[in-house]
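# Survey of secondary and tertiary structure
So the chains spell out like this:
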Amino acid sequence: MKRLLQNPTTLVGAILCVIIVLGAVLAPWIAPYDPVDQSILDRLQPPGGAFLLGTDTYGRDVLSRILWGARISLIVAVTSIASAILVGGAIGMVSGYIGGRVDLFIMQVMDVMLSFPSLILGLIVVALLGPELVNLVFAIALTAIAPFARIARAPVLSLKERAFVEAGRALGFSHARVLFVHILPNIVSEVLVMGSLWMATAVRTEASLSFIGLGVKPPTATWGGMMRDGFEAILDAPWLSIFPGIAILMLVLGLNMVGDGLRDATDPKLSGT
Amino acid sequence: MTAPILEVAGLRKYFTVVKGFPRPVKTIVRAVDGVDFSVGASEAFGIVGESGCGKSTAARAVLRLIEPDAGTIRFAGQDVRAASGAALIALRRRMQIVFQDPYSSLNPRRTIGQTLTEPLSVHGVARGRAAKDQAAALLEEVGLPAAALGRYPHEFSGGQRQRIGVARALALKPELIVADEPVSALDVSVQAQVLLLLKDLQARRGLAFVFVSHDLSVIRWFCARVAVMYLGRIVEQGPVARVFSAPRHPYTRMLRDASPIPDPGKRGVLPRVVGEIPSAAAPPPGCHFHPRCPRASEICRTTYPAWDEGDGHGTACHHPHVD
Amino acid sequence: MIFYVIRRLLAAIPTLLAVLTLVFVIVRIVPGDPAIAILGDRATPAAVAALQAKLGLDRPIWEQYVTFLGRSLSGDFGSSMVTNRPILTDVGAVIPHTLDLTIAAMLIGTIIGVPAGVWAALHRNRAIDVAARLLSLIGLSFPVFVSGIFLLLAFALHWRIFPVIGNANLADPVDRLTKLVLPAATLGLVMAAYITRVTRSAMLQVLDEDYMRTARAKGVPWRRVVWRHGLRNAGLPVVTVVGLYVGILIGNSVLTEIVFNRPGLGKIIVGALNQRDYTMLQGLMVIYCFLIVVVNLLTDLTYGLIDPRVKQA
């Protein structure tokens with residue numbers, strides 16, 4: 001852990017993430033205004049003064065909406081990637097362990113899912129199911145299952161050839177025990193490193209879907225939704241697009257930096273690849 | 001030989017490889033092609049041969065770590081191939097394996113204590129404190145301190161790890177141990193220590209061994225009887241002293257002459273090694289050994305020689321050396 | 001090589017079938033009746049039944065599946081249920097715009113990305129490398145709609161160098177080009193960031209190889225070693241990953257087209273979403289499927305060109 005934070009990339013990334021997470025958690029206490037409270041008199045106030053980052057077309061405080069919007073981004077990213085890790089990881093592990101034709105078939109299916117453009121897949125799933133938080137999580141998790149199946153499978157293929165797995169079978173251990181007690185702990189770190197990189201992708205996808213108008217429904221504050229509103233008023237109030245854009249960038253960059261640092265730590269040879 | 005604890009007859013394992021486009025070619029690799037042998041209780045039985053001859057496959061098939069295609073395996077009178085479920089698990093307690101590579105044979109994420117107590121708790125032999133005490137006793141038996149229980153495999157040397165592998169094999173008090181090249185991956189100085197440990201355990205626990213190795217001197221020192229394998233079949237079998245002092249099969253003779261002899265004075269003409277070992281996917285017709293054999297005649301090219309049991313020192317050769 | 005091409009073509013068939021099946025499943029797993037979803041809750045039962053018959057939804061599911069596969073494979077992607085125009089007509093009209101954008105973005109990505117990646121790898125862990133890594137990480141972190149809006153704000157609204165809207169007149173080359181610059185830059189910079197990273201890591205692996213040292217030791221000029229021996233061997237992983245990138249490129253181009261209001265597949269798909277044009281969505285997904293399978297095929301064939309070993313495998 002200490003070694004990790006000595007890497008400047010990881011450190012900066014971690015700081016960015018911590019800032020956003022704190023903002024999201026403390027939003028009810030530190031947000032200066034109610035994120036959905038409209039105020040006709042304060043419409044389109046430029047940044048500075050009473051409203052640090054200005055107000056939008058309905059007179060809502062941009063800073064407060066960014067703080068509350070962080071919650072949606074983080075909830076969607078964490079839950080969708082956690083479910084993708086559970087489902088995809090299990091598929092990949094079992095598939096690799098079984099091997100043979102079953103594995104070949106499952107991986108073919110995963111390759112098909114992998115080759116489908118993830119934004120389009122997410123877009124259509126949300127469009128068909130309706131723009132609800134649960135459906136967003138489902139759609140993003142769906143796009144991330146295949147990569148995690150691949151990530152989990154690769155090390156299982158080599159681990160199952162190791163003698164300690166054969167020893168387990170010779171000792172009469174069940175396949176479930178071999179897989180979950182002996183193989184699983186050896187792949188956890190690899191999967192988790194990819195987890196933080198994929199969380200960055202999930203944040204981006206959620207923001208993109210919200211920008212297209214398929215995010216959590218207004219008036220709930222989401223970063224992508226704020227960009228969408230801001231884009232419509234881009235001539236009058238550029239700050240409406242700039243600040244949420246910076247927020248998205250901070251979180252995605254932070255997660256990517258942490259993921260990169262973690263990967264360097266687990267595999268020094270691939271430093272920065 | 002005492003009453004056999006393990007009897008293997010007609011053991012066969014073929015691997016199929018499909019390769020090629022547009023016409024896929026199916027290749028059958030005859031890794032083990034009809035192998036018979038038996039091991040007495042408390043006896044050390046060796047299987048020797050060049051790499052690729054199928055000796056490891058045969059040893060693993062006995063434990064059903066590789067599912068054999070045909071043949072019978074009887075352990076203490078019980079049919080191993082027919083066993084399943086609880087019966088197979090019960091059989092596995094009585095037959096264990098020690099691996100060649102001490103680095104991949106231990107799970108890097110589990111402490112030595114976890115590795116040694118796990119089989120005890122899975123089989124309901126002992127749990128908690130009792131299991132830990134047993135694990136400590138096992139470590140002591142293989143010459144390691146009980147303090148090693150809390151440590152991870154990477155903290156140990158190759159020889160120490162091999163001792164831990166042996167302790168794990170002993171945990172369930174087996175009667176037979178399959179040792180697959182147990183010392184080939186170790187430094188020569190460490191090899192002797194591990195061999196002494198195994199010999200000592202054999203005497204103390206009355207263990208039977210199936211000892212697989214390519215190293216004749218190790219087999220000669222450790223085993224009472226030996227089978228020589230070539231391309232999936234046993235070509236010669238008998239008491240170690242007789243097989244190596246007066247080999248009947250030309251292949252055994254070639255192997256013996258190629259292995260270093262401790263006394264330089266005894267060294268005569270440099271060993272003559274003819275040719276490469278052919279692939280088990282395309283063994284030569286007739287006697288598999290004939291392309292490399294100095295005594296090969298016309299019949300060797302067409303007919304596989306029948307097994308001649310002799311006086312307990314048998315061989316499969318048309319032109320055996322006679323003592 | 002000819003067998004290699006045939007084998008790849010044959011291997012693409014099951015993939016295509018599988019992707020089409022995925023589309024079919026995705027469209028059918030939606031809870032509720034698509035006909036009601038299209039017509040709204042207040043539709044009369046007769047209208048719903050009529051629409052179901054029109055869409056073929058009243059027939060058994062396997063029959064729907066076979067019909068869908070048959071039509072897709074014979075190049076019949078259906079027609080929009082809103083405008084009744086064949087989907088291919090609408091798609092064909094925007095293809096020049098989409099091609100303009102994609103090709104320009106790929107050019108930008110390759111021209112910046114490959115040299116930057118090689119350069120960074122050669123100066124591993126020095127200032128240049130650190131800067132290249134950081135910049136490419138930032139580039140990768142930008143959702144394209146954010147970078148697109150930022151570029152728009154800076155170059156179209158603040159400095160007014162380029163036009164805001166991208167609906168170019170294809171017959172006028174100047175108009176076509178000026179309206180292409182910002183969208184292509186948006187899409188191309190992300191791609192450049194991606195290619196930089198991939199090239200850098202592929203180069204780093206290759207630079208450690210013995211044949212690189214040998215080439216240098218026998219006196220081949222370093223520049224030639226890097227470009228002839230190094231990049232050629234680093235090429236394979238780069239092509240692989242760039243092939244995989246097409247999925248991301250498609251998603252990004254949708255967002256870019258929305259931001260710059262350019263005609264293209266992205267705008268069609270969003271329009272179809274807003275109008276609940278169910279047949280249009282399905283047809284577009286089928287077209288994407290063909291696109292992906294073709295790109296994967298091209299990637300595989302490029303392997304064969306770069307790496308002589310692949311042909312025999």
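Residues numbered from 1 in each chain as written. Chains lettered and ligands numbered in written order. Predicted model: local features only at pLDDT ≥ 70, side-chain atom pairs only at ≥ 80, totals over all residues. Heavy atoms only, no water.

## Remarks on the interface of chain B and chain A
Our working rule: Working rule for contacts: check all heavy atoms of both residues, and any pair within 4.5 Å makes them a contact. A 1.4 Å probe defines the accessible area here, and the buried area is the portion of it lost by two parts on being joined, summed over both. A carboxyl oxygen of Asp or Glu within 4 Å of a side-chain nitrogen of Lys or Arg is what we treat as a salt bridge. Two N or O atoms count as a polar contact when they lie within 3.5 Å, although within protein this holds only if one can serve as hydrogen donor and the other as acceptor, and sequence-adjacent residues are included solely when both atoms are side-chain atoms. Under the scheme applied, nonpolar residues are Ala, Val, Leu, Ile, Met, Phe, Trp, Tyr, Cys and Pro; charged residues are Asp, Glu, Lys and Arg; polar residues are all the others, including Gly.
Of the residues lining the interface, 22 residues belong to chain B; the matching set on chain A comes to 16 residues. Summed over both sides, the interface between chain B and chain A buries roughly 1,800 Å², with carbon and sulfur atoms accounting for 54% of that surface. Broken down residue by residue, the surface that chain B buries against chain A is led by L65, R109 and E118 of chain B, which jointly contribute 28%. Our enumeration of links across chain B and chain A arrives at two salt bridges. Taking the shortest distance from any N to any O, the salt bridge between R60 of chain B and E166 of chain A comes out at 2.5 Å. Here chain B and chain A share eleven residue pairs in polar contact (both at pLDDT 80 or more) between them. Residue classes in the side of chain B that touches chain A are distributed as ten nonpolar, five polar and seven charged.

## Concerning the UniProt feature "transmembrane region" (unreviewed entry) in chain A
The condition that has to hold: UniProt positions are given in the numbering used here, feature names are shortened, and annotations may be inferred rather than shown by experiment. In this text, helices come from DSSP runs of H or I with a minimum length of four residues, and strands from runs of E with a minimum of two, each type numbered from the N-terminal end.
Under the UniProt annotation, the feature "transmembrane region" (unreviewed entry) is placed at residues 12-31, 72-100, 112-130, 136-157, 178-200 and 237-259 of chain A. Between the end C-alpha atoms of residues 72-100 of chain A the distance is 42 Å, and the span holds 97% helix and 0% strand.

## Quick notes on the interface of chain A and chain C
In this assembly, 45 residues from chain A lie in contact with 47 residues from chain C. Carbon and sulfur atoms supply 80% of the area buried between chain A and chain C, which totals about 4,000 Å² over both sides. Summed over the three residues of chain A that lose the most area to chain C, namely V112, F116 and L128 of chain A, the buried surface amounts to 14% of that side. Applying the counting criterion to the chain A and chain C interface returns one salt bridge. Note that R197 of chain C and D260 of chain A form a salt bridge whose closest N and O atoms lie 3.0 Å from each other. One can count three residue pairs in polar contact (both at pLDDT 80 or more) joining chain A with chain C. Secondary structure elements with two or more residues in the side of chain A that touches chain C: helix 5 (100-115), helix 6 (118-129), helix 9 (175-212), helix 10 (223-232) and helix 11 (239-266) of chain A. By residue number, the principal contributor to the side of chain A that touches chain C is helix 11 of chain A, which donates 13 residues. In terms of residue class, the side of chain A that touches chain C is built from 31 nonpolar, nine polar and five charged.

## Remarks on the UniProt feature "domain: ABC transmembrane type-1" (unreviewed entry) in chain A
UniProt annotation of "domain: ABC transmembrane type-1" (unreviewed entry) refers to residues 70-259 of chain A when read in the numbering used here. Helix makes up 85% of residues 70-259 of chain A and strand 0%, whereas the separation of the span's terminal C-alpha atoms amounts to 19 Å.

## Considerations on the packing of helix 6 of chain A against helix 7 (residues 133-159) of chain A
Residue and element names in this part refer to chain A. Put simply, the test is: Axis geometry follows a simple rule: fit a line to the C-alpha atoms, using only the stretch in contact for helices, then measure angles between N-to-C directions, giving values from 0 to 180 degrees. Comment on the angle field: the value is read as roughly parallel under 35 degrees, roughly antiparallel over 145, roughly perpendicular from 65 to 115, and oblique elsewhere. Whether a crossing is left-handed or right-handed is set by the direction in which the near helix is turned from the far one by less than a right angle, anticlockwise for left-handed and clockwise for right-handed.
Running from amino to carboxyl end, helix 6 crosses helix 7 at an angle of 150 degrees, the nearest separation of the two axes being 9 Å. Considering their axes alone, helix 6 and helix 7 lie roughly antiparallel with respect to each other. Helix-helix and strand crossings are classified by hand; for helix 6 and helix 7 the assignment is right-handed. Contacts between helix 6 and helix 7 pair S118, L121, G122, V125, V126 and L129 from the former with N135, L136, F138, A139, L142 and T143 from the latter. Grouping the constituent residues of the contact of helix 6 with helix 7 by class yields eight nonpolar, four polar and no charged.

## Some words on the UniProt feature "transmembrane region" (unreviewed entry) in chain C
All names here are of chain C. If you check UniProt for "transmembrane region" (unreviewed entry), the listed places come out as residues 9-30, 101-122, 134-157, 177-195, 234-255 and 285-306 in our numbering. As annotated, residues 134-157 comprises 92% helix and 0% strand, and the C-alpha atoms at either end are separated by 28 Å. Overall, residues 177-195 shows 100% helix and 0% strand. The separation of its end C-alpha atoms is 24 Å.

## Focus: the nonpolar core
Note the cut-off: Nine residue types can take part in a nonpolar core, namely buried Ala, Val, Leu, Ile, Met, Phe, Trp, Tyr and Cys, and a core is a set of them joined through side-chain atoms within 4.5 Å. The rule is simple: take the accessible area with a 1.4 Å probe, protein chains only, and divide by the maximum for that residue type; under 20% is buried, over 50% is exposed, in between is partly exposed.
Within the largest apolar cluster, 168 residues are counted, with the highest numbers of intra-cluster contacts made by F116 and W223 of chain A together with F145 and I269 of chain C. If you tally residues by element for this core, the top one is helix 8 (residues 173-207) of chain C, at 16 residues. Aside from chain neighbours lying at most four places away, what touches F116 of chain A is L121 of chain A together with V19, L22, V23, M285, C289 and I292 of chain C.

## Quick notes on the packing of aromatic side chains
Stated formally: Between the rings of Phe, Tyr and Trp (Trp by its six-membered ring), a pair exists once the centres lie within 6.5 Å; its type follows the angle of the planes, with under 30 degrees stacked, over 60 edge-to-face, and the other angles tilted.
Under the definition given, this model contains 15 aromatic pairs over all chains. Between the aromatic rings of F211 of chain A and F145 of chain C, the centroid separation amounts to 4.4 Å while the plane-to-plane angle is 15 degrees, which identifies the pairing as stacked. Residue F211 of chain A is found in helix 9, and its partner F145 of chain C is found in helix 7 (residues 144-158); the two belong to separate chains. A residue is classified by how much of its surface remains accessible, and F211 of chain A, at 3% relative accessible area, is buried. Taking the centre distance of 5.1 Å and the plane angle of 85 degrees together, the rings of F209 of chain B and F222 of chain B count as edge-to-face. Placement of F209 of chain B in strand 8 (residues 208-213) and of F222 of chain B in helix 7 (residues 216-222) is noted, with a sequence separation of 13 residues between them. Residue F209 of chain B is classed as buried on the basis of its relative accessible area of 0%. By relative accessible area, which is 1% here, F222 of chain B ends up buried.

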